[in-house]
Amino acid sequence: MNGKTLRLVNFLIDSAIYFLIMFGILILFKDVIPQQNVKWISIIVYFLYYFILESTTGQTIGKIITRSKVVSSTESKNYFFLRIILRTMTRFIPIDILTYLFSFRGLHDWISKTTVNKL
């Protein structure tokens, strides 16, 4: 799998997992969560999905399946935790997904100085 294909497959798998998690939360807590709070819960779940998985293992479920991992793109491996916070927050910039049209690295990779490598 080349860089763009790998990234697309990771994105599709992770998006499917995220939507399944959100569907489960909304079904389980449908009588507890006011409709106006669903967007905030979805933002929190999205952030936590990427942040917890990538900061602890360097992999989301999509990356585990495709045998790839987030790594520092610089020689310095310091501050990886902070890079993952920045990487995760940058995913919320609307043009992030469009950056894949021009490069195999997304905006969240460039800003956080990370990349995804095949294992």
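Reference entry: report on the structure contained in this document. Throughout this description, residue numbers start from 1 for each chain and increase along the sequence as written. Given that this is a predicted model, residues contribute local features only at a pLDDT of at least 70 and side-chain atom pairs are listed and counted only at 80 or more, while totals for whole chains, interfaces and linings are drawn from all residues. Remark: hydrogens and water are excluded; side-chain values derive from all non-hydrogen atoms of the structure.

**A closer look at the nonpolar core**
Inference 1: Nonpolar cores are built from buried Ala, Val, Leu, Ile, Met, Phe, Trp, Tyr and Cys residues. Side-chain atoms within 4.5 Å join them into one set. For every residue, the accessible area obtained with a 1.4 Å probe (protein chains only) is divided by the maximum for its type, and the residue is called buried under 20%, exposed over 50%, and partly exposed between those limits. In this structure, Tyr18, Met22, Val45, Tyr46, Tyr49 and Tyr50 together form the largest nonpolar core, which totals six residues.
Inference 2: Comment: elements are numbered from the N terminus, with helices defined as DSSP H or I runs of at least four residues and strands as E runs of at least two. Of all the secondary-structure elements, those providing two or more residues to this core are helix H1 (3-28) and helix H2 (38-56).
Inference 3: Every residue in contact with tyrosine 50, bar those within four places of it in the chain, is listed here: Asp14, Ser55, Thr60, Thr88 and Arg91.
Inference 4: If you look at the next biggest cluster of nonpolar residues, it comprises five residues, including Leu6, Phe51, Ile84 and Val116. Residue contacts are counted whenever heavy atoms from the two residues lie within 4.5 Å of one another.

**Considerations on the pattern of salt bridges**
Inference 1: Any carboxyl oxygen of Asp or Glu within 4 Å of a side-chain nitrogen of Lys or Arg constitutes a salt bridge here. If you walk through the whole model with that rule in mind, you get five salt bridges.
Inference 2: Between arginine 7 and aspartate 109 there is a salt bridge; the shortest N-O distance is 2.7 Å. Pair noted here: arginine 7 is in helix H1 and aspartate 109 is in helix H5 (residues 107-112), with a separation of 102 residues, a long-range link. Across this residue pair, the class does not change: arginine 7 and aspartate 109 are buried.

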